Amino acid sequence: MTFPIPARAMVAAPARFDARWRRHAAIVAGTWIALLLVFGRDTRDLATIYWTNTTFGHCLFVAPVIAWLVWHRRRELALVAPQGWWPGLALVGAGGFSWLVGDASSVALFRHAGLIVMLQGAAVTVLGFNVSRALLFPLAYMLFLVPFGEFLEGPLQDITIAMVMPLLHLFGVPASVDGVLITTPNGYFEIAEACSGAKFLIAMVAYGVLVANVCYVSWPRRAAFLAMAIVVPVIANGLRAFGTIYAAWWTSVEQATGLDHIVYGWVFFGLVMAAVLAIGWKWFDRDPDAAWFDPMRLQAAAGRRVDAPIGALLVLTVASLFLGWSSLIDARAAKLPASVELPQVSGWQRVAPSARAPWAPHYPGADHYLIGRYADGQGRAVDLAVAVYATQHEGRELVGFGIGAIRENDRWVRIEDEPSFARGAPMRMTGPGRVEREVVTWYRVGNVLTGSDKRVKLETLKAKLLGGDQAAVAVLVSAEQTDSVSARDSIQAFLRALGPVETLADRMAGAR
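Residues numbered from 1 in each chain as written. Predicted model: local features only at pLDDT ≥ 70, side-chain atom pairs only at ≥ 80, totals over all residues. Heavy atoms only, no water.

(A) Quick look at the pairing of strand β2 (residues 181-184). Note: strand β1 (residues 176-178) against β2, 3 bridges, orientation antiparallel. Bridge pairing in β2 places D178 opposite L181. Between β1 and β2, which pair antiparallel one after the other, the connecting turn spans 2 residues, and G179 there sits at a positive phi close to 65°. As paired elements, β2 and strand β3 (residues 187-190) share 4 bridges and run antiparallel to each other. In the strand pairing of β3, T183 is matched with Y188. Between β2 and β3, which follow one another and run antiparallel, lie 2 residues. (Pairing = 2+ DSSP bridges. Helix = DSSP H or I, 4+ residues; strand = E, 2+ residues; numbered from the N terminus.)

(B) Region of the structure containing the sheet that holds β2. Strands sit in the order β1-β2-β3 across an open sheet of 3 strands; the sheet is antiparallel. The sheet is open, and its two edges are formed by β1 and β3, each paired on a single side. Each strand of the sheet is rotated relative to its neighbour by a mean of 25°, with strand direction disregarded. (Axes fitted to C-alpha atoms, helices over the stretch in contact; angles between N-to-C directions.)

(C) Structural context of the confidence of the model for the protein. On average, residues of the protein score 86 in pLDDT, and 92% of them are at 70 or above. Put simply, helix α1 (residues 7-12) is where the protein has its lowest mean pLDDT, 42, and helix α9 (residues 136-141) is where it has its highest, 96. (pLDDT = per-residue confidence, 0-100.)

(D) A look at a nonpolar patch on the surface. There is a patch of nonpolar side chains on the surface, built from L109, F110, F148 and F151 and spanning about 380 Å² of accessible area. In this structure, F110 sits in helix α7 (residues 108-127). We classify F110 as partly exposed; its relative accessible area is 37%. (Patch = residues over 30% accessible without salt bridge, like charges linked within 9 Å, V, L, I, M, F, W, Y side chains within 5 Å. Areas by Shrake-Rupley, 256 points an atom, 1.4 Å probe, with all protein chains shown as cover. Salt bridge = Lys/Arg side-chain N within 4 Å of Asp/Glu carboxyl O. Buried < 20%, exposed > 50% of the residue type's maximum accessible area, 1.4 Å probe, protein only.)

(E) Up close: helix α2 (residues 19-38). Between its first and last C-alpha, α2 extends 28 Å over 20 residues, near the 28 Å set by a 1.5 Å rise per residue. Buried residues of α2: W21, H24, I27, V28, T31, A34 and L35, and no others. Within α2, the buried residues cover an arc of 155° as seen down the axis, which keeps them to one side. The outward face of α2, more than 90 degrees from its buried face, is lined by the exposed residues A19, R22, I33 and L37. Where α2 is buried, its residues touch α5 (74-77), α7, α8 (129-134) and α14 (308-330). (Expected span 1.5 Å × (residues − 1). Arc of directions from axis to C-beta. Contact = heavy atoms within 4.5 Å.)

(F) Focus on the packing of helix α11 (residues 198-215) against helix α12 (residues 219-250). Their axes nearest at 9 Å, the elements α11 and α12 cross at an angle of 160°. Taken together, the axes of α11 and α12 are roughly antiparallel relative to one another. Our pair here, α11 against α12, has a crossing hand that is right-handed. Contacts between α11 and α12 involve L201, M204, V205, G208, V209, V211, A212 and N213 on the former and, on the latter, R222, F225, L226, A229, I230, P233 and V234. Taken together, the residues of the contact of α11 with α12 break down into 12 nonpolar, 2 polar and 1 charged. (Parallel < 35°, antiparallel > 145°, perpendicular 65-115°, else oblique. Left-handed = near helix turned anticlockwise from the far one by under 90°. Nonpolar A, V, L, I, M, F, W, Y, C, P; charged D, E, K, R; others polar.)

(G) Representation of unusual backbone geometry. Of note in the backbone geometry, S106 takes a positive phi value of approximately 60° without being a glycine. Mapped onto the elements, S106 comes out in the loop between α6 (89-105) and α7. For R423, which is not glycine, the phi dihedral falls at a positive 70°. Checked against the element boundaries, R423 lands in the loop between β7 (413-417) and β8 (425-430). The class for R423 is partly exposed, based on a relative accessible area of 48%.

(H) Up close: the pattern of salt bridges. This structure, assessed with the given rule, holds 21 salt bridges. For the salt bridge of D367 with R396, the shortest nitrogen-to-oxygen distance reads 2.6 Å. A residue pair is termed long-range when its members are at least 10 positions apart, and D367 in the loop between β4 (349-351) and β5 (368-375) and R396 in the loop between β6 (381-389) and β7 qualify at 29 residues. Using a relative accessible area of 33% as the deciding quantity, one classes D367 as partly exposed. For R396, a relative accessible area of 22% translates into the label partly exposed. Between E438 and R488 there is a salt bridge, with its nearest N and O atoms 2.5 Å apart. In this pair, E438 is assigned in strand β9 (residues 436-445) and R488 in helix α16 (residues 487-498), connecting sequence segments 50 residues apart. Salt bridges sharing common partners tie together D178, E416, E418, R428, E436, E438 and R488.

The structure is reproduced here in structure tokens:
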């Protein structure tokens, strides 16, 4: 039973959680532990990402922040009675389906998001509607436990380059740009994914959302602060990249980049955070002593109640259904030929790998992987690589980070992606000795031939969920750029002799 308590007395009184609260809290904790164990692979993936990937290192602080947010609401929270609420299972089901989609399409973002949403759904189911409303922001903030935002790297690279080049010219540095490579008389610089500022922008969004909730009441002020938390890091990163290149112009590339790594890793983010907070400080409008919510408005008895232990059991049952569905999908992997060989191509002969700058794509876990070099009588040479998968899952994806034409920490560097060519995805890259290559990538999933990573994920998902052929093939054709022969001409000539790429892919997968 609850009693009306004056707001002033309520804030001053110590938080005392009764036996019912302690019981529900223990059941939530137990359910969370069970979910993390059941989805142990994803739990381990998240822990590894938090600890080893600098882009998502801020996620290590999200759980303590959530605990801090709940702790600050403890006095008001103790006055809201927890009661199981079975509609929370809908949130568990939504998270489970997201996990299944991510598992079927090999998109880690959906799997990880699904696990976090299932944890949120478990809390809503066991603690009930009123408590969930009281903990709305801390529960919602759990979404920052999901590593997301890598899609920002490409656009942020373009923004950084667009800022750096005018500044270099303004300060008298003769510089030219080719894709993501900026060249000055004393060296060249890659505006790589790590230099795009994505890692700090992602962390600043999490920081901005937290400050907007804790320090502001007015929604326009919250929106303004969050916008500033997004814009300031982008501008600051452009200035940092310019400063590094400008310093190299006056000193050396080694000294400038060494200093940049120290500043970028230890000082930059702290200064940006402090600057954003200092700018927004003047407009803070939340009273530090104000209650986070009015517990008297959260006393209505919600219908559709369920006993907490039964609710926890239903949560685990619903989550387990999606694991079972995933197992059924994996049992339908395609049957591939026992062995495959690269084709004989009319007018082209197999030759030794390039001695100038050998290249090989990266497809870990492929059931069949072949690469060979071909040359014709006119001095043209290409490399053909084929990777075949009976099915795709974590660690055996056709598309993913560090998979494909360039592996993680490769000696080859992407210059730029080019417009679609013959339904494939062309890319220019440079390697040892500034050797330039062009590589065109095709993917064959089902009856679809595409160069789009997103289309691959969609077709893989359709094949798995709707019962289609799960075999998938990557075909890559690459050539070096030379003074006498262009890479594109060599690739086009080889493709004319090879015939349809989809025919080669189907033959490799045993479909023809």
